[in-house]
Amino acid sequence: MADTNKSDTPQIDDIQKTLEKQIAELRKEITKINKSISARGAEMLDDASEQASDLYETAAARASRTAQQLRSQAQAVSDVARENPGTTTAVIGVIGLLGFLAGIAVGQSLNNDTPRRWY
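Residues numbered from 1 in each chain as written. Predicted model: local features only at pLDDT ≥ 70, side-chain atom pairs only at ≥ 80, totals over all residues. Heavy atoms only, no water.

Asks: Break down the overall build of the protein for me, citing the residues and quoting the values.
Replies: Looking only at helices and strands, the protein features two helices and zero strands. Here the protein holds 119 residues, and 0% of them are scored as buried. Entry remark: accessible area of the protein is about 10,900 Å², with carbon and sulfur atoms responsible for 60%. (Helix = DSSP H or I, 4+ residues; strand = E, 2+ residues; numbered from the N terminus. Buried < 20%, exposed > 50% of the residue type's maximum accessible area, 1.4 Å probe, protein only. Areas by Shrake-Rupley, 256 points an atom, 1.4 Å probe, with all protein chains shown as cover.)

Asks: Describe the pattern of salt bridges, naming the residues involved and giving the relevant values.
Replies: By the definition in use, this model includes two salt bridges. Ionic pairing is found between R40 and E43, a salt bridge with its closest N-O pair at 3.3 Å. With a gap of three residues between them, R40 and E43 both fall in helix α1 (residues 2-83), about one helical turn apart. Between R82 and D79 there is a salt bridge, and its shortest N-O distance comes to 3.6 Å. Of this pair, R82 and D79 both sit in helix α1, three residues apart, which is roughly one turn of the helix. (Salt bridge = Lys/Arg side-chain N within 4 Å of Asp/Glu carboxyl O.)

Asks: So what about a negative patch on the surface? Which residues, and what values?
Replies: A contiguous patch of negative charge on the surface is contributed by D46, D47, E50, D54 and E57. By secondary structure assignment, the location of E50 is in helix α1. (Patch = residues over 30% accessible without salt bridge, like charges linked within 9 Å, V, L, I, M, F, W, Y side chains within 5 Å. Lys, Arg positive; Asp, Glu negative; His and termini not counted. Charge placed at Lys NZ, Arg CZ, Asp CG, Glu CD.)

Asks: Explain a nonpolar patch on the surface residue by residue, including any values.
Replies: Residues V94, L97, L98, F100, L101 and I104 make up a contiguous nonpolar surface patch of about 580 Å² in total accessible area. F100 gets classed as exposed once you look at its relative accessible area, which sits at 53%.

Spelled out as structure tokens, the structure:
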């Protein structure tokens, strides 16, 4: 029986060495995969950053053009208002009156508790 155990020991050692070798190879493969994933993640991050930068630059350019156009239109309206103060006052008064009447109409339509007439 002692001889049987001695003959089994080399096989067990061989199996253990084979398993250890396979584990070492698997660890190397996992390290390679981790490096590959890390590199791909860095590439994706760089791409996303570049796209975000491009979008920001485009939006900033559009906002600048829009602001410039609004300034020029506001300047034009201001010039017309300065040249025609009577007309400007009349237009603002009419707009105010229409807003007041719209407010009364909305208020009356929301007040359904008691039937009232607006006149």
